Amino acid sequence: MARMAYSEQYIEARDYVQRLMTEAGMLTRVDPVGNLFGFVAGSCPETKTILLGSHLDAVPGGGIYDGAVGVIGALEAVRGIREQGLVTRHSLEVAAFIAEEGGDLGGTFGSRAFVGEVPTDMPDEVLGQYRLSIADVQASRGNTDSYCCYLELHIEQGPVLWEKGIPIGIPTAIVGISRYKVRIVGEANHAGTTPMINRKDALRAAVRVLDRWYDHVDHAHGFVCNIGTLKIQPGSVAVVPGEVEFVLELRSTDDATTELGAREFKEMLHTTVAIPSQFELLVRKPAVRMSESLVNVIQTSCRELGVQYLLIPSGASHDASPLARHIPAGMVFVPSVKGVSHRKDEFTPIDDIATGVEVLMRAVLGADGRIP
Ligand code: HGY
Ligand code: MN
Ligand code: MN
């Protein structure tokens, strides 16, 4: 899979989904940052709109289910309601948010733009790479007051449901994510003539602090961390690494724990590495709780369908995270076989996806009936 946000493949996929929305009788629009929406009016236009959806972008080398299940599933839930000849009181809107995956736009970019959480001081050069401006971001801010709730179907991306053989997960919370840019500045020099003890090798310093750090986090409590990118400058086989840059990602359902992890790393960096280093916050996204009333609606949907379910926190982040800070949000998880995700062998059987769509559809009808 290679469907990075704003890529040719991404636009092709979004155009395809937009056609499906149109065929399903929806009014569609693409906002200035590239979020796609498909709208169908309810019977009581004075009520607020129920928003449902997920994201269409994927990580490099990722699977075909992360995000796409939630977009196509939302479309199918709306089509299913209409095929039953039902018209909800609330209008329904399906969203395909752009740039949900982590990257230089910070992750959950499209959904954060929609709720107005993208910082106005976002560097022009970062937005400019995607031919975006801060004006596009501001013009993509939705009117969250006109929505009564948000529902998202998503693969679990972890092993819990698959290991327990339970078809539906109902997230109660979504982890917070903080990402920090770490730079270690040594001295590039000739790899053959520079004596080992005279080197200010930035990579060697990074390896030392990371080795200590991973030993520490194996016994830390309450957070997970990841380093998925590492840049070496000048990056030649015959030059001692002069500079190393990587992004430290920390996640926890408790923000204070994430902050503690960041302080611990910063302390370890400065006590382990003798050469200059920098530790710069890139993005901080707080943990969120899912709406209790929507959790109840989804539980009722599972009971009506006779489907076993499990309440679990989400170790992955989702577009429901920024949405939940502005409107009541709920999620429905379907199992990931072997807990594999962000890998091309990510897999969820179609029957499990169908069950998830059924639960989502009933949750929409449940929310429609329960929310004034
Ligand atoms: O990284 C995540 O948690 C999500 O898959 N974007
Ligand atoms: Mn996702
Ligand atoms: Mn993902």
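Whatever comes next refers back to the structure up there.
Residues numbered from 1 in each chain as written. Chains lettered and ligands numbered in written order. Predicted model: local features only at pLDDT ≥ 70, side-chain atom pairs only at ≥ 80, totals over all residues. Heavy atoms only, no water.

Quick word on the coordination of the manganese ion (ligand 2)
H55 (NE2), D66 (OD) and H154 (NE2) make up the full set of protein donors to the manganese ion (ligand 2), lying at 2.1 to 2.3 Å. Sequence spacing of the donors to the manganese ion (ligand 2): H-x10-D-x87-H. Separating the manganese ion (ligand 2) from the manganese ion (ligand 3) is a gap of 3.5 Å, which D66 spans by donating to each of them. Residue H55 is found in strand 3 (residues 49-55), and its partner H154 is found in strand 5 (residues 147-155); the two are separated by 99 residues along the sequence. For the pair H55 and H154, one class covers both residues: buried. (Donors = N, O, S within 2.8 Å, 3.2 Å for Na, K, Ca; no water. Helix = DSSP H or I, 4+ residues; strand = E, 2+ residues; numbered from the N terminus. Buried < 20%, exposed > 50% of the residue type's maximum accessible area, 1.4 Å probe, protein only.)

Comments concerning the pairing of strand 7 (residues 176-185)
On a regular strand, each side chain points to the face opposite its neighbour's, so the side chains alternate between the two faces of the sheet. Buried residues dominate strand 7, accounting for 7 of its 10 residues. Where strand 7 and strand 10 (residues 277-285) come together, 8 bridges link them in antiparallel fashion. Residue R179 lies in a different strand from strand 10, and its bridge partner there is V283. (Pairing = 2+ DSSP bridges.)

Quick word on the packing of aromatic side chains
The full count for this structure, using the stated rule, is 12 aromatic pairs. Residues F97 and F114 carry aromatic rings whose centres are separated by 5.8 Å and whose planes lie at 55 degrees to one another, so their mutual orientation is tilted. With F97 in strand 4 (residues 92-97) and F114 in helix 3 (residues 109-115), this pair connects stretches of sequence that are 17 residues apart. Taking the relative accessible area as the measure of exposure, F97 reaches 0% and is therefore buried. Classification of F114 as buried rests on a relative accessible area of 1%. Grouping aromatic residues by their ring pairs yields a cluster made of Y180, W213, F223, F246, F265 and F279. Across the ring face of F37, the terminal group of R29 is positioned such that the distance to the ring centre comes to 4.0 Å. (Phe/Tyr/Trp six-rings, centres within 6.5 Å; stacked < 30°, edge-to-face > 60°. Lys NZ or Arg CZ within 6 Å of the ring centre and 35° of its normal.)

A few points about the sheet that holds strand 7
Here we have 4 strands laid out as an open sheet, ordered 8-9-7-10, and antiparallel in their pairing. What marks the edges here is a single partner per strand, and that holds for strand 8 (224-233) and strand 10. This sheet shows a mean twist of 15 degrees between the axes of neighbouring strands, independent of strand direction. As defined by bridge partners, strand 8 adjoins strand 9 (residues 243-252) across 8 bridges and the pair is classed as antiparallel. Its bridge partner lying in strand 9, N226 is registered against E249. The sheet strands contacting helix 7 (residues 202-218) are strand 7, strand 8 and strand 9, and the helix crosses strand 9 at an angle near 15 degrees. (Axes fitted to C-alpha atoms, helices over the stretch in contact; angles between N-to-C directions. Contact = heavy atoms within 4.5 Å.)

Regarding the layout of surface pockets
Any space left empty among the atoms is revealed by the rolling of a water-sized probe across them. Each pocket or cavity is described by its volume, and for the second largest pocket that value is around 290 Å³. Surrounding the second largest pocket, 14 residues form its lining, I72, G73, E76, I353 and V357 being those nearest its centre. Put simply, the parts of the chain that give the lining of the second largest pocket at least two residues each are helix 2 (68-83) and helix 11 (350-370). Looking at the lining of the second largest pocket residue by residue, the class counts come to 10 nonpolar, 2 polar and 2 charged. (1 Å grid on protein atoms, 1.4 Å probe; cavity = no way out; pocket = protein on both sides within 12 Å on 5 of 7 lines; lining within 4 Å. Points joined across faces, edges and corners; volume = space filled by probe spheres on them. Nonpolar A, V, L, I, M, F, W, Y, C, P; charged D, E, K, R; others polar.)

Some thoughts on helix 2
Between its terminal C-alpha atoms helix 2 stretches 22 Å, which fits the 22 Å expected from 16 residues at 1.5 Å a residue. Buried within helix 2 are the following residues: A68, V69, G70, V71, G73, A74, L75, A77, V78, G80 and I81. Packed against the buried residues of helix 2 are helix 1 (8-23), strand 2 (36-40), strand 3, strand 4, strand 5 and helix 11. (Expected span 1.5 Å × (residues − 1).)

Looking at the nonpolar core
In this structure, L52 and F109 are the most contacted members of the largest nonpolar core, which totals 79 residues. Broken down by element, this core gets its largest block of residues, 8 residues, from helix 11. If sequence neighbours within four positions are ignored, F109 has contacts with Y6, V33, I98, A99, E100, V118, M122, L127, L132 and V137. (Core = buried A, V, L, I, M, F, W, Y, C linked by side-chain atoms within 4.5 Å.)

Re the packing of helix 9 (residues 292-305) against helix 11
It is at 8 Å that the axes of helix 9 and helix 11 come closest, and there the two elements cross at 125 degrees. Considering the angle they form, helix 9 stands oblique to helix 11. In this structure, the crossing between helix 9 and helix 11 has a hand that is right-handed. Judged by residue contacts, S293, L294, N296, V297, I298, T300, S301, C302, E304 and L305 of helix 9 engage E358, V359, R362, A363, G366, A367 and R370 from helix 11. By residue class, the composition of the contact of helix 9 with helix 11 is 8 nonpolar, 5 polar and 4 charged. (Parallel < 35°, antiparallel > 145°, perpendicular 65-115°, else oblique. Left-handed = near helix turned anticlockwise from the far one by under 90°.)

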